[in-house]
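One letter stands for each residue in the lines below.
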Amino acid sequence: MAEVILKNVTKVYEGGNIAAKDINIEVKDKEFVVLVGPSGCGKSTTLRMIAGLEEISSGDLFIDNKKVNDVSPKDRDIAMVFQNYALYPHMTVYENMAFGLKLRKFDKAEIKKRVSEAAKILDLEPYLERKPKALSGGQRQRVAVGRAIVRKPKVFLFDEPLSNLDAKLRVQMRTEISKLHQRLEATMIYVTHDQTEAMTMGDKIVIMKDGVVNQIDTPLNLYNYPTNKFVAGFIGSPSMNFIEGTLAKNGNLTFKSKKGNLNLSLNKNYENKLNSYANKTLWLGIRPEDIYDPNTVSPSANFTKVNVNLEVVEPMGNEIFLYFSIDGEQFVSRIPAREKPEAGTAKEILFDTSKLHFFDTDTEKTIV
(Lines give C-alpha, C1' and ligand atoms only; values in the text may rest on other atoms or scores of the structure.)
Protein backbone atom coordinates (compact mmCIF):
# COMPACT_ATOMS: atom_id res chain seq x y z
CA MET A 1 0.00 0.00 0.00
CA ALA A 2 1.05 3.67 -0.03
CA GLU A 3 0.65 7.08 1.50
CA VAL A 4 -1.22 9.89 -0.24
CA ILE A 5 -0.18 13.54 0.17
CA LEU A 6 -2.03 16.61 -1.10
CA LYS A 7 -0.03 19.85 -1.00
CA ASN A 8 -1.96 23.11 -1.57
CA VAL A 9 -4.27 21.34 -4.01
CA THR A 10 -6.87 23.65 -5.56
CA LYS A 11 -9.65 23.05 -8.09
CA VAL A 12 -11.13 25.97 -10.00
CA TYR A 13 -13.85 25.36 -12.57
CA GLU A 14 -14.64 27.56 -15.56
CA GLY A 15 -16.21 30.80 -14.44
CA GLY A 16 -13.96 31.01 -11.40
CA ASN A 17 -15.95 28.64 -9.17
CA ILE A 18 -13.52 27.32 -6.53
CA ALA A 19 -14.52 23.77 -5.56
CA ALA A 20 -11.47 23.06 -3.38
CA LYS A 21 -8.92 25.54 -2.05
CA ASP A 22 -5.40 24.90 -0.71
CA ILE A 23 -6.13 21.34 0.42
CA ASN A 24 -3.32 19.91 2.57
CA ILE A 25 -3.92 16.31 3.66
CA GLU A 26 -1.50 13.53 4.51
CA VAL A 27 -2.89 9.99 4.44
CA LYS A 28 -0.39 7.57 5.93
CA ASP A 29 0.21 4.04 4.70
CA LYS A 30 -2.58 1.68 5.85
CA GLU A 31 -4.60 4.58 7.29
CA PHE A 32 -8.39 4.97 6.93
CA VAL A 33 -9.14 8.66 6.32
CA VAL A 34 -12.68 10.03 5.93
CA LEU A 35 -13.54 13.27 4.13
CA VAL A 36 -16.79 14.62 5.52
CA GLY A 37 -18.88 17.74 5.19
CA PRO A 38 -22.18 19.09 3.85
CA SER A 39 -23.17 18.83 0.19
CA GLY A 40 -21.04 21.06 -2.03
CA CYS A 41 -18.12 21.28 0.43
CA GLY A 42 -15.59 19.89 -2.08
CA LYS A 43 -15.02 16.43 -0.59
CA SER A 44 -16.02 14.45 -3.71
CA THR A 45 -14.06 16.84 -5.93
CA THR A 46 -10.99 16.23 -3.75
CA LEU A 47 -11.46 12.46 -4.03
CA ARG A 48 -11.88 12.70 -7.81
CA MET A 49 -8.63 14.69 -8.06
CA ILE A 50 -6.87 11.90 -6.16
CA ALA A 51 -8.40 9.40 -8.59
CA GLY A 52 -7.41 11.48 -11.61
CA LEU A 53 -11.01 12.01 -12.69
CA GLU A 54 -10.68 15.76 -12.10
CA GLU A 55 -7.71 17.84 -13.18
CA ILE A 56 -5.81 19.67 -10.44
CA SER A 57 -5.77 23.44 -11.06
CA SER A 58 -2.78 24.04 -8.78
CA GLY A 59 -0.84 22.23 -6.07
CA ASP A 60 0.74 18.79 -5.99
CA LEU A 61 -0.57 15.26 -5.41
CA PHE A 62 1.73 12.41 -4.39
CA ILE A 63 0.90 8.69 -4.23
CA ASP A 64 3.62 6.44 -2.85
CA ASN A 65 6.12 9.36 -2.99
CA LYS A 66 5.48 9.86 -6.71
CA LYS A 67 3.96 13.06 -8.07
CA VAL A 68 0.91 12.01 -10.08
CA ASN A 69 -0.66 15.31 -11.21
CA ASP A 70 -0.23 14.34 -14.85
CA VAL A 71 -0.52 10.56 -14.46
CA SER A 72 -3.66 9.03 -16.00
CA PRO A 73 -6.20 7.36 -13.65
CA LYS A 74 -5.39 3.85 -14.91
CA ASP A 75 -1.71 4.31 -14.07
CA ARG A 76 -2.19 5.63 -10.50
CA ASP A 77 -2.76 2.15 -9.05
CA ILE A 78 -5.95 3.17 -7.24
CA ALA A 79 -9.39 1.53 -7.15
CA MET A 80 -12.61 3.49 -6.68
CA VAL A 81 -15.99 2.39 -5.32
CA PHE A 82 -18.86 4.61 -6.45
CA GLN A 83 -22.19 5.55 -4.90
CA ASN A 84 -24.22 3.94 -7.72
CA TYR A 85 -22.24 0.62 -7.79
CA ALA A 86 -21.47 1.03 -11.55
CA LEU A 87 -21.92 -2.69 -12.27
CA TYR A 88 -22.41 -4.09 -15.78
CA PRO A 89 -26.03 -5.40 -15.81
CA HIS A 90 -25.38 -8.04 -18.52
CA MET A 91 -22.46 -9.60 -16.64
CA THR A 92 -22.51 -12.04 -13.73
CA VAL A 93 -20.99 -11.17 -10.37
CA TYR A 94 -17.88 -13.16 -11.32
CA GLU A 95 -17.57 -11.36 -14.65
CA ASN A 96 -18.03 -7.95 -13.05
CA MET A 97 -15.31 -8.64 -10.51
CA ALA A 98 -12.99 -10.12 -13.13
CA PHE A 99 -13.50 -7.48 -15.83
CA GLY A 100 -10.75 -5.08 -14.76
CA LEU A 101 -8.24 -7.92 -14.52
CA LYS A 102 -9.15 -9.15 -18.01
CA LEU A 103 -8.50 -5.67 -19.39
CA ARG A 104 -5.06 -5.78 -17.77
CA LYS A 105 -4.36 -9.14 -19.49
CA PHE A 106 -4.14 -11.25 -16.30
CA ASP A 107 -4.21 -15.00 -17.02
CA LYS A 108 -7.36 -16.98 -16.20
CA ALA A 109 -5.87 -18.83 -13.25
CA GLU A 110 -4.79 -15.60 -11.53
CA ILE A 111 -8.18 -13.99 -12.21
CA LYS A 112 -10.00 -16.99 -10.74
CA LYS A 113 -7.75 -16.96 -7.68
CA ARG A 114 -8.24 -13.26 -7.00
CA VAL A 115 -12.02 -13.30 -7.57
CA SER A 116 -12.39 -16.38 -5.34
CA GLU A 117 -10.38 -14.72 -2.54
CA ALA A 118 -12.44 -11.51 -2.73
CA ALA A 119 -15.73 -13.43 -2.92
CA LYS A 120 -14.79 -15.35 0.22
CA ILE A 121 -13.86 -12.18 2.12
CA LEU A 122 -17.15 -10.49 1.12
CA ASP A 123 -19.41 -13.55 1.46
CA LEU A 124 -20.27 -13.46 -2.25
CA GLU A 125 -19.44 -17.06 -3.12
CA PRO A 126 -23.12 -18.16 -3.48
CA TYR A 127 -23.83 -15.28 -5.88
CA LEU A 128 -20.98 -15.48 -8.40
CA GLU A 129 -23.23 -16.68 -11.25
CA ARG A 130 -26.02 -14.19 -10.58
CA LYS A 131 -26.48 -10.90 -12.44
CA PRO A 132 -26.79 -7.57 -10.56
CA LYS A 133 -30.59 -7.38 -10.97
CA ALA A 134 -30.90 -10.55 -8.85
CA LEU A 135 -28.99 -8.99 -5.93
CA SER A 136 -30.00 -6.74 -3.06
CA GLY A 137 -28.50 -3.26 -2.70
CA GLY A 138 -26.07 -4.47 -0.06
CA GLN A 139 -24.94 -7.39 -2.21
CA ARG A 140 -24.40 -5.10 -5.21
CA GLN A 141 -22.26 -2.80 -3.10
CA ARG A 142 -20.19 -5.77 -1.95
CA VAL A 143 -19.64 -6.71 -5.59
CA ALA A 144 -18.44 -3.16 -6.29
CA VAL A 145 -16.05 -3.45 -3.33
CA GLY A 146 -14.93 -6.89 -4.54
CA ARG A 147 -14.14 -5.48 -7.97
CA ALA A 148 -11.81 -3.02 -6.22
CA ILE A 149 -10.22 -5.68 -3.98
CA VAL A 150 -9.19 -7.99 -6.85
CA ARG A 151 -7.08 -5.18 -8.29
CA LYS A 152 -4.91 -5.12 -5.12
CA PRO A 153 -4.36 -1.38 -5.59
CA LYS A 154 -2.13 0.90 -3.55
CA VAL A 155 -5.10 3.04 -2.49
CA PHE A 156 -8.85 2.40 -2.17
CA LEU A 157 -11.18 5.35 -2.78
CA PHE A 158 -14.84 5.29 -1.67
CA ASP A 159 -17.28 7.97 -2.89
CA GLU A 160 -20.37 7.87 -0.61
CA PRO A 161 -20.74 4.10 -1.20
CA LEU A 162 -23.54 3.55 1.33
CA SER A 163 -25.87 6.46 0.58
CA ASN A 164 -28.23 4.32 -1.57
CA LEU A 165 -28.76 1.71 1.16
CA ASP A 166 -31.42 1.67 3.86
CA ALA A 167 -30.47 2.51 7.46
CA LYS A 168 -29.98 -1.07 8.66
CA LEU A 169 -27.87 -2.04 5.64
CA ARG A 170 -25.76 1.11 6.02
CA VAL A 171 -24.82 0.09 9.55
CA GLN A 172 -24.01 -3.45 8.41
CA MET A 173 -21.94 -2.34 5.42
CA ARG A 174 -20.06 0.26 7.44
CA THR A 175 -18.99 -2.52 9.82
CA GLU A 176 -17.98 -4.73 6.89
CA ILE A 177 -15.84 -2.00 5.32
CA SER A 178 -14.12 -1.33 8.66
CA LYS A 179 -13.37 -5.06 9.02
CA LEU A 180 -12.13 -5.12 5.44
CA HIS A 181 -9.71 -2.30 6.19
CA GLN A 182 -8.31 -4.21 9.16
CA ARG A 183 -8.02 -7.41 7.15
CA LEU A 184 -6.40 -5.91 4.05
CA GLU A 185 -4.30 -3.37 6.00
CA ALA A 186 -5.09 -1.04 3.11
CA THR A 187 -4.80 2.70 2.60
CA MET A 188 -8.39 3.91 2.27
CA ILE A 189 -9.91 7.34 1.63
CA TYR A 190 -13.65 7.50 2.15
CA VAL A 191 -16.07 10.34 1.33
CA THR A 192 -19.40 10.78 3.13
CA HIS A 193 -21.80 13.51 4.23
CA ASP A 194 -22.82 11.36 7.22
CA GLN A 195 -20.88 12.36 10.34
CA THR A 196 -21.88 9.11 12.09
CA GLU A 197 -20.16 7.12 9.33
CA ALA A 198 -17.12 9.35 9.65
CA MET A 199 -16.91 9.04 13.43
CA THR A 200 -17.31 5.26 13.49
CA MET A 201 -15.05 4.37 10.56
CA GLY A 202 -12.16 6.81 10.29
CA ASP A 203 -8.73 6.66 11.92
CA LYS A 204 -8.59 10.31 10.97
CA ILE A 205 -11.33 12.67 9.77
CA VAL A 206 -11.03 15.66 7.43
CA ILE A 207 -13.89 18.13 7.90
CA MET A 208 -14.56 20.38 4.90
CA LYS A 209 -16.79 23.38 4.30
CA ASP A 210 -17.03 25.56 1.17
CA GLY A 211 -14.00 23.89 -0.39
CA VAL A 212 -11.77 24.49 2.63
CA VAL A 213 -10.44 22.02 5.21
CA ASN A 214 -11.61 23.18 8.65
CA GLN A 215 -9.98 20.52 10.82
CA ILE A 216 -8.10 17.21 10.53
CA ASP A 217 -8.00 15.01 13.62
CA THR A 218 -9.07 11.77 15.27
CA PRO A 219 -12.82 11.29 15.86
CA LEU A 220 -12.55 11.86 19.64
CA ASN A 221 -10.42 14.98 19.30
CA LEU A 222 -12.85 16.45 16.79
CA TYR A 223 -15.69 15.79 19.20
CA ASN A 224 -13.97 17.11 22.32
CA TYR A 225 -11.76 19.84 20.84
CA PRO A 226 -13.40 21.35 17.74
CA THR A 227 -11.42 24.25 16.29
CA ASN A 228 -14.47 26.31 15.35
CA LYS A 229 -18.24 26.58 15.65
CA PHE A 230 -18.91 24.80 12.35
CA VAL A 231 -16.93 21.70 13.36
CA ALA A 232 -18.54 21.72 16.82
CA GLY A 233 -22.02 21.79 15.28
CA PHE A 234 -21.29 19.30 12.52
CA ILE A 235 -19.83 16.54 14.71
CA GLY A 236 -22.26 14.94 17.16
CA SER A 237 -25.86 13.78 16.85
CA PRO A 238 -27.97 15.59 17.89
CA SER A 239 -25.65 18.51 17.18
CA MET A 240 -24.25 20.93 19.75
CA ASN A 241 -26.58 23.62 21.14
CA PHE A 242 -25.51 27.25 20.63
CA ILE A 243 -26.61 30.55 22.16
CA GLU A 244 -25.13 34.03 21.92
CA GLY A 245 -24.49 36.16 24.97
CA THR A 246 -22.01 38.22 26.98
CA LEU A 247 -19.63 37.60 29.87
CA ALA A 248 -19.92 39.62 33.07
CA LYS A 249 -17.17 39.63 35.70
CA ASN A 250 -18.51 40.09 39.22
CA GLY A 251 -16.01 38.04 41.15
CA ASN A 252 -16.70 34.97 39.01
CA LEU A 253 -17.29 35.08 35.29
CA THR A 254 -20.98 34.76 34.39
CA PHE A 255 -22.46 34.05 30.98
CA LYS A 256 -25.71 35.87 30.23
CA SER A 257 -27.63 35.19 27.04
CA LYS A 258 -28.73 38.15 24.91
CA LYS A 259 -32.31 38.21 26.20
CA GLY A 260 -31.26 37.20 29.70
CA ASN A 261 -33.10 33.88 29.86
CA LEU A 262 -29.91 31.90 30.51
CA ASN A 263 -27.46 32.81 33.28
CA LEU A 264 -24.54 30.50 34.06
CA SER A 265 -21.82 31.04 36.66
CA LEU A 266 -18.71 29.68 35.01
CA ASN A 267 -16.24 27.18 36.35
CA LYS A 268 -12.91 28.78 37.40
CA ASN A 269 -11.14 26.65 34.78
CA TYR A 270 -12.42 29.07 32.11
CA GLU A 271 -11.13 32.28 33.69
CA ASN A 272 -7.65 32.50 32.12
CA LYS A 273 -8.91 32.05 28.57
CA LEU A 274 -12.11 34.06 28.92
CA ASN A 275 -10.99 37.05 30.99
CA SER A 276 -10.25 39.06 27.85
CA TYR A 277 -13.85 38.48 26.72
CA ALA A 278 -15.43 40.13 29.80
CA ASN A 279 -18.33 42.35 28.67
CA LYS A 280 -17.92 41.10 25.09
CA THR A 281 -20.27 39.05 22.94
CA LEU A 282 -19.45 35.40 22.23
CA TRP A 283 -21.12 32.08 21.45
CA LEU A 284 -21.68 29.42 24.10
CA GLY A 285 -22.01 25.79 23.02
CA ILE A 286 -23.11 22.75 25.01
CA ARG A 287 -23.72 19.21 23.81
CA PRO A 288 -27.12 17.55 24.38
CA GLU A 289 -25.56 14.87 26.60
CA ASP A 290 -24.22 17.58 28.95
CA ILE A 291 -27.72 18.82 29.80
CA TYR A 292 -29.14 16.48 32.45
CA ASP A 293 -32.37 15.45 34.10
CA PRO A 294 -31.96 16.19 37.87
CA ASN A 295 -33.62 12.84 38.66
CA THR A 296 -30.91 10.81 36.91
CA VAL A 297 -27.64 12.34 38.20
CA SER A 298 -25.94 12.97 41.53
CA PRO A 299 -25.64 16.64 42.64
CA SER A 300 -22.49 18.50 41.53
CA ALA A 301 -21.09 22.00 42.05
CA ASN A 302 -20.75 22.21 38.25
CA PHE A 303 -24.51 21.99 37.66
CA THR A 304 -26.73 25.03 37.12
CA LYS A 305 -30.51 24.60 37.25
CA VAL A 306 -32.50 25.99 34.33
CA ASN A 307 -36.30 25.95 34.01
CA VAL A 308 -37.60 25.36 30.50
CA ASN A 309 -40.87 24.58 28.72
CA LEU A 310 -40.69 21.37 26.70
CA GLU A 311 -41.80 21.80 23.10
CA VAL A 312 -41.15 18.32 21.68
CA VAL A 313 -40.38 15.01 23.41
CA GLU A 314 -38.87 12.22 21.28
CA PRO A 315 -38.62 8.73 22.84
CA MET A 316 -35.66 6.92 21.22
CA GLY A 317 -35.90 3.65 23.16
CA ASN A 318 -32.94 3.75 25.52
CA GLU A 319 -33.03 7.55 25.80
CA ILE A 320 -35.31 10.54 25.26
CA PHE A 321 -34.61 13.76 23.36
CA LEU A 322 -36.09 16.89 24.94
CA TYR A 323 -36.51 19.97 22.73
CA PHE A 324 -36.98 23.46 24.18
CA SER A 325 -36.07 27.07 23.35
CA ILE A 326 -33.98 29.66 25.17
CA ASP A 327 -33.93 33.22 23.75
CA GLY A 328 -35.49 31.79 20.59
CA GLU A 329 -32.60 29.34 20.07
CA GLN A 330 -33.55 25.65 19.73
CA PHE A 331 -31.97 23.38 22.35
CA VAL A 332 -32.03 19.62 22.70
CA SER A 333 -31.10 17.44 25.67
CA ARG A 334 -30.72 13.65 25.70
CA ILE A 335 -31.73 11.97 28.93
CA PRO A 336 -32.13 8.34 30.05
CA ALA A 337 -35.54 6.82 29.34
CA ARG A 338 -36.59 6.39 32.98
CA GLU A 339 -39.66 8.54 32.67
CA LYS A 340 -41.29 10.30 29.76
CA PRO A 341 -41.92 14.04 30.32
CA GLU A 342 -44.85 15.51 28.45
CA ALA A 343 -44.51 18.11 25.69
CA GLY A 344 -46.01 21.46 26.72
CA THR A 345 -44.99 21.10 30.37
CA ALA A 346 -42.35 22.87 32.47
CA LYS A 347 -39.17 20.96 33.24
CA GLU A 348 -36.15 21.63 35.43
CA ILE A 349 -32.88 20.61 33.78
CA LEU A 350 -29.20 20.92 34.68
CA PHE A 351 -26.45 22.51 32.58
CA ASP A 352 -23.00 21.06 33.28
CA THR A 353 -20.86 24.22 33.38
CA SER A 354 -17.64 22.20 33.33
CA LYS A 355 -18.40 21.05 29.76
CA LEU A 356 -19.11 24.31 27.96
CA HIS A 357 -17.55 25.42 24.69
CA PHE A 358 -17.03 29.07 23.69
CA PHE A 359 -16.54 30.60 20.25
CA ASP A 360 -15.53 34.06 19.06
CA THR A 361 -18.51 35.87 17.53
CA ASP A 362 -16.56 37.34 14.61
CA THR A 363 -14.23 34.49 13.62
CA GLU A 364 -16.30 31.61 15.09
CA LYS A 365 -13.00 30.06 16.22
CA THR A 366 -12.88 28.15 19.49
CA ILE A 367 -11.88 30.12 22.57
CA VAL A 368 -12.32 27.28 25.05
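The structure presented is a predicted model; accordingly, all values stated were derived computationally and were not measured.

Considering the sheet that holds strand β4 (residues 58–63)
Part 1 of the reasoning: In space, the four strands of this open sheet follow the order β2-β1-β4-β5, with antiparallel pairing throughout. Two strands in the sheet have a free side with no partner beyond their single neighbour: β2 (18–27) and β5 (66–67).
Part 2 of the reasoning: Direction of pairing for strand β1 (residues 4–12) relative to β4: antiparallel, over a ladder of five bridges. Its bridge partner lying in β4, K7 is registered against D60.
Part 3 of the reasoning: Where helix α1 (residues 43–51) meets the sheet, it contacts β1, β2 and β4, and its direction lies at approximately 115° from that of β1.

With respect to helix α4 (residues 137–149)
Part 1 of the reasoning: Taking 1.5 Å of rise per residue, 13 residues should cover 18 Å, and α4 covers 18 Å from first to last C-alpha, within 8% of that figure.
Part 2 of the reasoning: Extensive coverage of α4 is indicated by the burial of eleven of its 13 residues.
Part 3 of the reasoning: Of all the residues in α4, the buried ones are G138, Q139, Q141, R142, V143, A144, V145, G146, R147, A148 and I149.

Some details on the nonpolar core
Part 1 of the reasoning: Of all hydrophobic cores here, the largest spans 46 residues; its most connected members are M97, F158, Y190 and I207.
Part 2 of the reasoning: Ranked by the residues each element gives to this core, the list is headed by α4, at five residues.
Part 3 of the reasoning: The next biggest cluster of nonpolar side chains, apart from the first, holds 29 residues, and it includes V313, L322, I349 and L356.

What about the pattern of salt bridges?
Part 1 of the reasoning: One pass over the structure, following the stated rule, counts 14 salt bridges.
Part 2 of the reasoning: When the shortest N-O distance is used, the salt bridge between K204 and E31 registers 3.3 Å. Here K204 is found in strand β9 (residues 204–209), whereas its partner E31 is found in the loop between β2 and β3 (32–36), with 173 residues between them in sequence.
Part 3 of the reasoning: Overall, K204 belongs to the buried group, its relative accessible area being 15%.
Part 4 of the reasoning: A residue is classified by how much of its surface remains accessible, and E31, at 13% relative accessible area, is buried.
Part 5 of the reasoning: With a closest N to O distance of 2.8 Å, E110 and R114 form a salt bridge. With a gap of four residues between them, E110 and R114 both fall in helix α3 (residues 108–121), about one helical turn apart.
Part 6 of the reasoning: Relative accessible area serves as the criterion here: at 13%, R114 is assigned to the buried category.
Part 7 of the reasoning: Through salt bridges with shared partners, a single ionic network connects K11, R48 and E54.

Calculation notes
Residues numbered from 1 in each chain as written. Predicted model: local features only at pLDDT ≥ 70, side-chain atom pairs only at ≥ 80, totals over all residues. Heavy atoms only, no water. Pairing = 2+ DSSP bridges. Helix = DSSP H or I, 4+ residues; strand = E, 2+ residues; numbered from the N terminus. Contact = heavy atoms within 4.5 Å. Axes fitted to C-alpha atoms, helices over the stretch in contact; angles between N-to-C directions. Expected span 1.5 Å × (residues − 1). Buried < 20%, exposed > 50% of the residue type's maximum accessible area, 1.4 Å probe, protein only. Core = buried A, V, L, I, M, F, W, Y, C linked by side-chain atoms within 4.5 Å. Salt bridge = Lys/Arg side-chain N within 4 Å of Asp/Glu carboxyl O.

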